Every structure is written in structure tokens, then in C-alpha cells.
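# Residue-level structural notes
Spelled out, the chains give:
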Amino acid sequence: VEDANVSEFLHVLDNGLESQVGERGDKLSGGQKQRIAIIRALAMEPDVMLFDEPTNGLDITSKVTFRQVLAEEINDERLFIISTHLVSDIEQMLSSIIVIKDKQIAVQASMDTVAERLTFGATASFSQPLFSEGLRAVGKGEGDYSNVDLELLYLALHNPTSQQSIIDILSGKE
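Calculation criteria
Residues numbered from 1 in each chain as written. Predicted model: local features only at pLDDT ≥ 70, side-chain atom pairs only at ≥ 80, totals over all residues. Heavy atoms only, no water. Helix = DSSP H or I, 4+ residues; strand = E, 2+ residues; numbered from the N terminus. Contact = heavy atoms within 4.5 Å. Areas by Shrake-Rupley, 256 points an atom, 1.4 Å probe, with all protein chains shown as cover. Core = buried A, V, L, I, M, F, W, Y, C linked by side-chain atoms within 4.5 Å. Buried < 20%, exposed > 50% of the residue type's maximum accessible area, 1.4 Å probe, protein only. Patch = residues over 30% accessible without salt bridge, like charges linked within 9 Å, V, L, I, M, F, W, Y side chains within 5 Å. Salt bridge = Lys/Arg side-chain N within 4 Å of Asp/Glu carboxyl O. Expected span 1.5 Å × (residues − 1). Arc of directions from axis to C-beta. Axes fitted to C-alpha atoms, helices over the stretch in contact; angles between N-to-C directions. Parallel < 35°, antiparallel > 145°, perpendicular 65-115°, else oblique. Nonpolar A, V, L, I, M, F, W, Y, C, P; charged D, E, K, R; others polar. Pairing = 2+ DSSP bridges.

### Points about the overall build of the protein
- Looking only at helices and strands, one finds five helices and seven strands in the protein.
- Order of helices (α) and strands (β) in the protein, N terminus to C terminus: α-β-α-β-β-β-α-β-β-β-α-α.
- Considering only contacts in the protein between residues 6 or more positions apart, those separated by 24 or more positions represent 53%.
- Accessible area of the protein: about 10800 Å², with a carbon and sulfur share of 47%.

Pasting the structure below:
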């Protein structure tokens, strides 16, 4: 447990590893079961981990702990794939994004590339169109850089009017 950097998660159990949890964890809440599943997965130290909504069902303290534990586990030897609608829970740990459209990878871009090609937040006037409130494309060579707002990017990618344009910009086609 110590090697997997998950001892913080053990506060879920009154008696730590010696706790009686019932058959199939019947004495645990959904959030407690979720934390234990994460502990077990991290303790195995796999090269690749796939998380589907990993913070769903966790309280705020557990979400913070999850982010801290995961940040400590990230290195160049391990791949973490995280599918989530709560990007604010993990955005500080992201190195790249992948956009899947029609069962194929439409875009794979580093966060730096996203920040170079799109401007987020209140912006000066740009020649490029506004995709959603607060999100504009940055024209080639303008060199502007802003922090990536994943919520705005998510909304723009789910807007049928702007989706393909955003994909083209991020993949360097525009």
C-alpha cells in the first residue's frame, strides 16, 4: 500500500486494512467501494490504466486525494487514460487530449498545442470566429497563448456548428 502511494485513501476504513467490509463490500458506500477499487488498481502498478469517471461518487476530500495520488503516480513509464465529464477534477494533470469522432481519433494534441491554437476567456477582437462564449480560434502566426479551459473546449466540441472547425484547427488543417 505504501509503495502504491495510496495510504491516504485508507481513511475510508475504520480499522484500515483490518476492517470488516462484509460480503462483496456490503458494509461500504459506493464512494468507499470506488476508493478501494482505485487503491487495488494503483497497487498493481500497471503500465496502462483506464479510468471511467474515476471521481464520480467520491466526496470532495476523496477527489482531492485522488488527484494527489494520481499526480504522484504519473511518470513517463505509465499511461493513464481518463474518461470524464468532470474535467475540472483532473485538468491540472493532463498532458494531451484526444478527441474521438465517429469511432476514430479526430485529434490528438498536447495541451500546449491547444493553448497555442485556441484562445480562452475574454479576448480582444480576432479575425477568427467565436465558437462558444469565451472561445476563439487564434490565427496562424499570431502567437497568442492562453490557459486551456477544458469546459469551454468540451462545449465547443459538442456544438455541431463548431465541432469540425475546432477539430481542423487543433489538428493543424486550418
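### Thoughts on the nonpolar core
- Judged by nonpolar contacts, the single largest core of 18 residues is most densely connected at I97, V114, L118, L150, L153, I166 and L170.
- Within the residue set of this core, elements represented by two or more residues are β3 (96-101), β4 (104-110), α3 (111-117), α4 (150-157) and α5 (163-170).
- If you look at the next biggest cluster of nonpolar residues, it comprises ten residues, including L42, M49, F51 and F66.

### Section: a nonpolar patch on the surface
- There is a patch of nonpolar side chains on the surface, built from V48, L50, L79 and I81 and spanning about 390 Å² of accessible area.
- For the nonpolar patch, the elements supplying multiple residues, two or more each, are β1 (48-52) and β2 (79-83).
- As for its position among the elements, I81 is in strand β2.

### Here's the deal with helix α2 (residues 60-73)
- Over its 14 residues, α2 extends 20 Å from the first C-alpha to the last, a length consistent with the 20 Å expected when each residue adds 1.5 Å.
- Within α2, burial applies to S62, K63, T65, F66, V69, L70 and E73. The buried residues of α2 all sit within an arc of 165° when viewed along its axis, so they share a single face. α2 presents I60, T61 and E72 as exposed residues on the side facing more than 90 degrees away from its buried surface.
- Residues of α2 that are buried sit in contact with α1 (30-43), β1 and β2.

### So, the packing of α4 against α5
- Where α4 contacts α5, the two axes come as close as 7 Å, and the packing angle between them is 125°. One way to sum up the angle between α4 and α5 is to call them oblique. Two secondary-structure elements touch here, α4 through L153, A156 and L157 and α5 through Q163, I166, I167 and L170.
- Here the contact of α4 with α5 is composed, by residue class, of six nonpolar, one polar and no charged.

### Describing the pairing of β3
- Inspection of the sheet shows β3 paired to β4 by six bridges, in the antiparallel sense. Opposite V99, over in β4, you have V107 as the bridge partner.
- Taking the residues that link successive antiparallel strands as the turn, the β3-β4 hairpin has two residues, and the phi of D102 there is positive, at about 50°.

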